[in-house]
There are 2 protein chains.
Amino acid sequence: MTPSAREPRIRRATILDVAAAAGVSRQTVTRAMNDMPGISPTTRERVQQLAAELGYTPSRFAKGLVQGARVSLGLAIPDLTNPYFPAFASTVVEVATQRGWNVVVDDFGHGSGSGLDAVNRLAPQVDALVGYLGACSSDAQAMMGRRPVVVLDDPSGHAAGGISFDYAYAARTALERLQAAHCREIAYLDSNQEGPATTRGLAVAAAAKEAGIELTVRQAADSAPAARQAVRAMIEDRGGIDGLLVFNDLMAAGALKALQDAGKTVPGDCAVIGMDGIPLGELLTPELTTLALDLRAVGRAAVDLVDNLLAGALEAGSEDAMLVLRHELVLRQSA
Amino acid sequence: MTPSAREPRIRRATILDVAAAAGVSRQTVTRAMNDMPGISPTTRERVQQLAAELGYTPSRFAKGLVQGARVSLGLAIPDLTNPYFPAFASTVVEVATQRGWNVVVDDFGHGSGSGLDAVNRLAPQVDALVGYLGACSSDAQAMMGRRPVVVLDDPSGHAAGGISFDYAYAARTALERLQAAHCREIAYLDSNQEGPATTRGLAVAAAAKEAGIELTVRQAADSAPAARQAVRAMIEDRGGIDGLLVFNDLMAAGALKALQDAGKTVPGDCAVIGMDGIPLGELLTPELTTLALDLRAVGRAAVDLVDNLLAGALEAGSEDAMLVLRHELVLRQSA
DNA sequence: GTGCGGCACGTGAACGTTCACGTAGTATCC
DNA sequence: GGATACTACGTGAACGTTCACGTGCCGCAC
């Protein structure tokens, strides 16, 4: 539960050891280690040399305690093996690093855990929290106390900050595109991660109804092989599908494979549209048309929210702390 | 440089605030917060309630200081947008999390920084360090003092622990496969990340010489578009290439694209072999033959080394702390 | 009623830094 | 030659916990 101290409490060298070895005081060692003024170059050099020899490294705990530093940003990710999340995480890490944060990453999907597990692990160790936490944003905020929490993709989120996506717009845009490509039999392949229907799934269903489209819906696990399997089954059940919208790009990759397996051409026999716009899409054959997120903008926005919440420039839970971003259609070969 | 404390040092609630509010002592609050014995259920409940109301969260600095905890593992990654690294990172995060570590990830490629930048950022904040640090393993160990450092892919590494790969074996296996596929004109597409020739490049050249193969070598940046561009140019220069070994799977994906652009079939006109065995390979068309690493084994080995070094079960810099792993050929469609 | 054990809770000390001072000694200025 | 300023260093206090004790109190057996 609580992170366990590892066994043999080997006494690390402290600042006093270095001070004693150099025949100076704590404060002089501090000055040497932190390149502060008020110390002669000779002494500085000698102390640094001695510190290196003793293997002295300042305790981040002691330093953090006295300085009250806010340096660690927690990043909770459902599944790093799904390329969307590294793409997102990499922009968060990049932006946050630029702003002086250290990013602590927790992947809670692997151990088939929930977001709450990640929160429990991260909360004691970080000064702010960002992540795809599913439905546990209120628990997260409770665990984090007054520290900033930014939750992605949970419109009902009860965290201090939130970023969600305009799926109604995305769904409408995708279906319009499929109609423009003269698709008659349109299907949606959903993820089964969140139960009977995802937020995306509901938006697609609504958009289809609005556009008078009779939509075939199928669910599969959020992975390429599962999607491949599901589309294979879908083709067997209902051969005539000629337009396919998919929950995300990874599953779309699997869908493309299944269509190829069945000897169908894309987009000739069936057009395919993915969602999120990860770089993978460009490497597929045919290249994947997708509703792309500006991933850099998402990452930047998340870190912005954290910084602003911390600075008190935003009121926690206020309108301004709840961002809504849009997917934009990127036309490539598959639709 | 040093992580800056963020501006307004808003006084967080401390254990004393909670104690005062509850009319009990520090220690009783500690007992309540950490579910320790020696406290009545009534008091525990009341204190927890009050703590939540006050937004009290224990300071990890104070706690770490007194407990001497080793909880944070630094993970230095050159470029999270290259899917190899998330694949590696995800196993490290998974395994390390299981063992009670928090993983602090630093991506030093984006800012066009070097591994040394990552080390400078991570060293003050972590209890151990793992990563692809390029050539700065000795600097890393110096910054980390006596704390464990495990460096990947730097055979000359001067860190406490190391994991490297048997590229001679990999190169031999790949070239054998291409020869078995009756390729006559074999080329190697190298990365230009490390200068004129990479460790992998040298191994491939040596293996080619050994096998009596006259090898065409070309370099490109470590990305799919750059590889695509380079292979396009290679085809223009020397059309007859019918066997292509590529630095890694991401670049191989770009190479496949270039061959398709040129109207060549794979593996008919040209066989392609990638390296590292990332999941992406299976999604490409044709599916990528590759020299695959057991990525889970690599991640597990890295964390094992850290734990053993920390426990003193391994001597830093000893033979046992230097692992060599092998790529194994995974035959798919492209060769 | 005395002794003893257990329960619920409190208190001094320690963890390793940095901050905000304080203090010698030396040079500077007129 | 005495006040002033600067340089190079030292010292008490504080940061917020947990650890290892210590202390009342109540009940119970004999």
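What counts and how
- Each residue is numbered by its place in its chain's sequence as written, counting from 1.
- Starting at A for chains and at 1 for ligands, labels are handed out in the order in which the entities are written.
- Side-chain atom pairs in this predicted model are given and counted only at pLDDT of 80 or more, local residue features only at pLDDT of at least 70, and totals for whole chains, interfaces and linings cover all residues.
- Side-chain measures here rest on the full set of heavy atoms in the structure, leaving out hydrogens and waters.
- Secondary structure elements follow DSSP: runs of H or I no shorter than four residues count as helices, runs of E no shorter than two count as strands, and numbering proceeds from the N terminus.
- Only C-alpha atoms enter the radius of gyration, while the globule expectation follows 2.2 Å times N to the 0.38, with N the number of residues.
- A simple rule labels every residue: compare its accessible area, found with a 1.4 Å probe on the protein chains alone, to the largest value its type can have, and call it buried under 20%, exposed over 50%, or partly exposed in between.
- Contacts were defined at the residue level, with two residues in contact if any of their heavy atoms lie within 4.5 Å.
- Here the Shrake-Rupley method, with its probe set to 1.4 Å, supplies the accessible areas, and only the displayed protein chains count as covering residues.
- Note on charges: Lys and Arg go in the positive column, Asp and Glu in the negative column, and His and the chain ends are not counted at all.
- Charge positions come from single atoms, namely NZ of Lys, CZ of Arg, CG of Asp or CD of Glu.
- The split into domains, and so the bounds of each, comes from an automatic or database assignment of domains.
- Being near a molecule or strand, for a residue, comes down to having at least one heavy atom within 4 Å of it.
- For the purposes of these results, a polar contact is taken to be a pair of N or O atoms within 3.5 Å, where, inside protein, one atom must be able to donate a hydrogen and its partner to accept one; residues adjacent in sequence count only when each atom of the pair is a side-chain atom.
- Throughout, the ten residues Ala, Val, Leu, Ile, Met, Phe, Trp, Tyr, Cys and Pro are labelled nonpolar, Asp, Glu, Lys and Arg are labelled charged, and all others, Gly among them, are labelled polar.
- Interaxial angles span 0 to 180 degrees and are taken between N-to-C directions of axes, which are lines fitted to C-alpha atoms, for helices over the stretch in contact.
- If an angle is under 35 degrees, it is roughly parallel; if it is over 145, roughly antiparallel; if it lies from 65 to 115, roughly perpendicular; otherwise it is oblique.
- Each crossing is labelled by how the near helix is turned from the far one, with a counterclockwise turn of less than a right angle marking it left-handed and a clockwise turn marking it right-handed.
- Criterion for a disulfide: a pair of cysteine sulfur atoms within 2.5 Å.
- Pairing between two strands is assigned when DSSP locates at least 2 bridges connecting them.
- When the copies are overlaid, the least-squares fit takes in C-alpha atoms only where the residue has pLDDT of at least 70 in both copies.
- By definition here, a salt bridge exists when the distance from a side-chain nitrogen of Lys or Arg to a carboxyl oxygen of Asp or Glu is within 4 Å.
- By buried area we mean the combined loss of accessible area, with a 1.4 Å probe, across both parts when two parts are placed together.
- Think of it as the arc spanned by the lines of direction from the helix axis to the C-beta atoms.

Colleague: Please explain the overall build of chain A as it appears in this structure.
Modeller: Broken down by element type, chain A carries 12 helices and 12 strands. Taken over C-alpha atoms, the radius of gyration comes to 26 Å for chain A, far larger than the 20 Å a tight globule of 335 residues would show. Considering only C-alpha atoms, chain A reaches an extent of 85 × 40 × 35 Å along its principal axes. Here chain A, with 335 residues, has 54% of them falling under the buried criterion. At a minimum sequence separation of 6, the contacts of chain A that also span at least 24 residues come to 66%. With an accessible surface of roughly 14000 Å², chain A has 51% of that area assigned to carbon and sulfur atoms. Taking the 30 positively charged and 38 negatively charged side chains of chain A as two groups, their mean positions are separated by 8 Å.

Colleague: Help me out: how do you make sense of the domain arrangement of chain A in this one?
Modeller: Bring the parts together and some accessible area is lost; that lost area is often taken as the interface size. With domains assigned, chain A is organised as domain 1 (15-67), domain 2 (72-165 + 295-326) and domain 3 (167-292). Using only C-alpha atoms to locate each centre, domain 1 of chain A and domain 2 of chain A end up separated by 36 Å.

Colleague: Mind showing me how you'd approach unusual backbone geometry here?
Modeller: A cis amide bond links A:Thr285 to the next residue, A:Pro286, at an omega of -5°. Counting through the fold element by element, A:Pro286 comes out in the loop between β9 (271-276) and β10 (289-292). Residue B:Pro267 follows B:Val266 across a cis peptide bond; omega there is 10°. One non-glycine residue, A:Asp153, adopts positive backbone phi at about 65°. Along the chain, A:Asp153 falls in the loop between β4 (149-152) and β5 (161-165). A relative accessible area of 22% means that A:Asp153 is categorised as partly exposed.

Colleague: How do you make sense of the protein's contact with DNA strand C when you look at a structure like this?
Modeller: The environment of DNA strand C is formed by 26 residues, the closest being A:Ile15, A:Thr30, B:Ser25, B:Arg26 and B:Thr28. Among the atoms of DNA strand C lying within 4 Å of the protein, the sugar-phosphate backbone contributes 54%. Side-chain polar atom of B:Thr43 to a phosphate oxygen of DNA strand C: 2.8 Å apart, as the coordinates give it. Looking at the surface near DNA strand C, the elements with two or more residues in it are α2 (26-33) and α4 (60-67) of chain A together with α2 (26-33) and α4 (60-67) of chain B. Looking at the surface near DNA strand C, its residues break down into 9 nonpolar, 13 polar and 4 charged.

Colleague: Looking at this model, I keep getting lost on the packing of helix α5 (residues 84-98) of chain B against helix α12 (residues 295-311) of chain B. Mind explaining?
Modeller: Two quantities define a packed helix pair, namely the angle between the helix axes and the distance between the axes. All names here are of chain B. The contact between α5 and α12 brings their axes to 8 Å, and the two run at 50°. Relative to α12, α5 is oriented oblique. Taken as a pair, α5 and α12 cross one another with a handedness that is right-handed. Contact with α5, carried on its side by Tyr-84, Ala-87, Phe-88, Thr-91, Val-92, Glu-94, Val-95 and Ala-96, involves Leu-295, Arg-296, Val-298, Gly-299, Arg-300 and Val-303 of α12 and no other residues of that element.

Colleague: Help me out: how do you make sense of the environment of B:Ala76 in this one?
Modeller: All names here are of chain B. The topology assignment puts Ala-76 in strand β1 (residues 72-77). Taking relative accessible area as the criterion, Ala-76 reaches 0% and is therefore assigned buried. Through-space distance from the C-alpha of Ala-76 to that of Arg-238 is 39 Å; in sequence the pair is 162 residues apart. Not counting chain neighbours up to four residues away, the residues in contact with Ala-76 comprise Asp-106, Phe-108, Ala-118, Leu-122, Val-130, Gly-131, Tyr-132 and Leu-133.

Colleague: In this structure, what is going on with the protein's contact with DNA strand D? I would like to understand it.
Modeller: Around DNA strand D there are 27 residues in total, and A:Ser25, A:Arg26, A:Thr28, B:Ile15 and B:Thr30 lie nearest to it. B:Ser59 places a polar main-chain atom, nitrogen or oxygen, 3.4 Å from a phosphate oxygen of DNA strand D. Class assignment of the residues belonging to the surface near DNA strand D gives a composition of 9 nonpolar, 14 polar and 4 charged.

Colleague: Is there a simple way to explain the state of the cysteines in this structure?
Modeller: Should the sulfur atoms of two cysteines be covalently bonded, the bond is a disulfide. Residues and elements named next belong to chain A. The tally for this structure, following the rule as stated, stands at 0 disulfides over all chains. No disulfide involves Cys-183; its sulfur sits 6.9 Å from that of Cys-270, the nearest cysteine. Among the residues examined, Cys-183 registers a relative accessible area of 11% and is labelled buried.

Colleague: Just checking my understanding: could you explain the sheet that holds strand β12 (residues 328-330) of chain B for this structure?
Modeller: Pairing between the strands of a sheet is mediated by backbone hydrogen bonds and can be parallel or antiparallel. Residues and elements named next belong to chain B. Strand order in the open sheet made by the 6 strands is β7-β6-β8-β9-β10-β12, with mixed pairing throughout. Across the chains shown, the open sheet's two edge strands, defined by having one partner strand only, are β7 (216-220) and β12. Shown here is a sheet whose adjacent strand axes are inclined to one another by a mean of 20°, direction ignored. The sheet contact formed by strand β10 (residues 289-292) and β12 spans 3 bridges and is antiparallel.

Colleague: Could you clarify how one ought to interpret the relation of the copies chain B and chain A in this entry?
Modeller: The second copy of the chain is related to the first by a rotation about an axis and a shift along the axis. The transformation that overlays chain B on chain A combines an axial shift of 0.0 Å with a rotation of 180°, and the residual RMSD is 0.1 Å. Here the symmetry operator amounts to a two-fold rotation axis. Comparing interface residues between copies, 100% of those in chain B also lie at the interface in chain A; the contact surface is shared.

Colleague: When you look at the pattern of salt bridges in this model, what are you seeing that I'm missing?
Modeller: Between side chains of opposite charge, a pair can form as their charged atoms come close. Within this structure, the stated rule accounts for 26 salt bridges over all chains. Across the pair B:Asp261 and B:Arg232 runs a salt bridge, and its minimum N-O distance is 3.1 Å. Highlighted residues: B:Asp261 in helix α11 (residues 249-261) and B:Arg232 in helix α10 (residues 224-237), separated in sequence by 29 residues. Look at the salt bridges and you will find they share partners, linking A:Arg228, A:Arg232, A:Lys257, A:Asp261 and B:Glu287 into a network.

Colleague: Sorry, what's going on with the interface of chain B and chain A here?
Modeller: Listed per partner, the contact involves 67 residues of chain B and 67 residues of chain A. With both sides pooled, the region where chain B packs onto chain A buries about 5800 Å², and carbon together with sulfur makes up 54% of that total. Summed over the shared surface of chain B and chain A, the result is 6 salt bridges. Residue A:Glu287 pairs with B:Arg228 through a salt bridge whose shortest N-O separation is 3.3 Å. Taken together, the connections running from chain B to chain A amount to 22 residue pairs in polar contact (both at pLDDT 80 or more). The dominant element in the side of chain B that touches chain A, judged by the number of residues it contributes, is α4(B), at 7 residues. Taken together, the residues that form the side of chain B that touches chain A break down as 29 nonpolar, 18 polar and 20 charged. Strand direction decides the pairing type here: strand β2 (residues 102-107) of chain A and strand β2 (residues 102-107) of chain B, joined by 3 bridges, are antiparallel. In the sheet register, A:Val104 faces β2(B), and the bridge partner there is B:Val104.

Colleague: Any chance you could explain α4(A) here in plain terms?
Modeller: Residues lying three or four places apart along an α-helix face the same way, a consequence of the helix completing one turn every 3.6 residues. Residue and element names in this part refer to chain A. Taken residue by residue, α4 has Arg-60, Phe-61 and Gly-64 as its buried positions. Projected onto a plane normal to the axis of α4, the buried residues spread over an arc of 100° and lie on a single side. Its side-chain oxygen at 3.1 Å from the backbone nitrogen of Phe-61, Ser-59 defines the N-terminal cap of α4.

Colleague: What should I look at first to understand the packing of helix α1 (residues 15-22) of chain B against helix α3 (residues 41-54) of chain B in this one?
Modeller: Residue and element names in this part refer to chain B. Taken N-terminus to C-terminus, the directions of α1 and α3 make an angle of 125°; their axes are 9 Å apart at the nearest point. It follows from the interaxial angle that α1 and α3 lie oblique. Like other packed secondary-structure pairs, α1 and α3 cross with a definite hand, here right-handed. Across the interface between the two elements, Asp-17, Val-18, Ala-21 and Ala-22 from α1 touch Arg-46, Val-47, Leu-50, Ala-51 and Leu-54 from α3. Taken together, the residues of the contact of α1 with α3 break down into 7 nonpolar, no polar and 2 charged.

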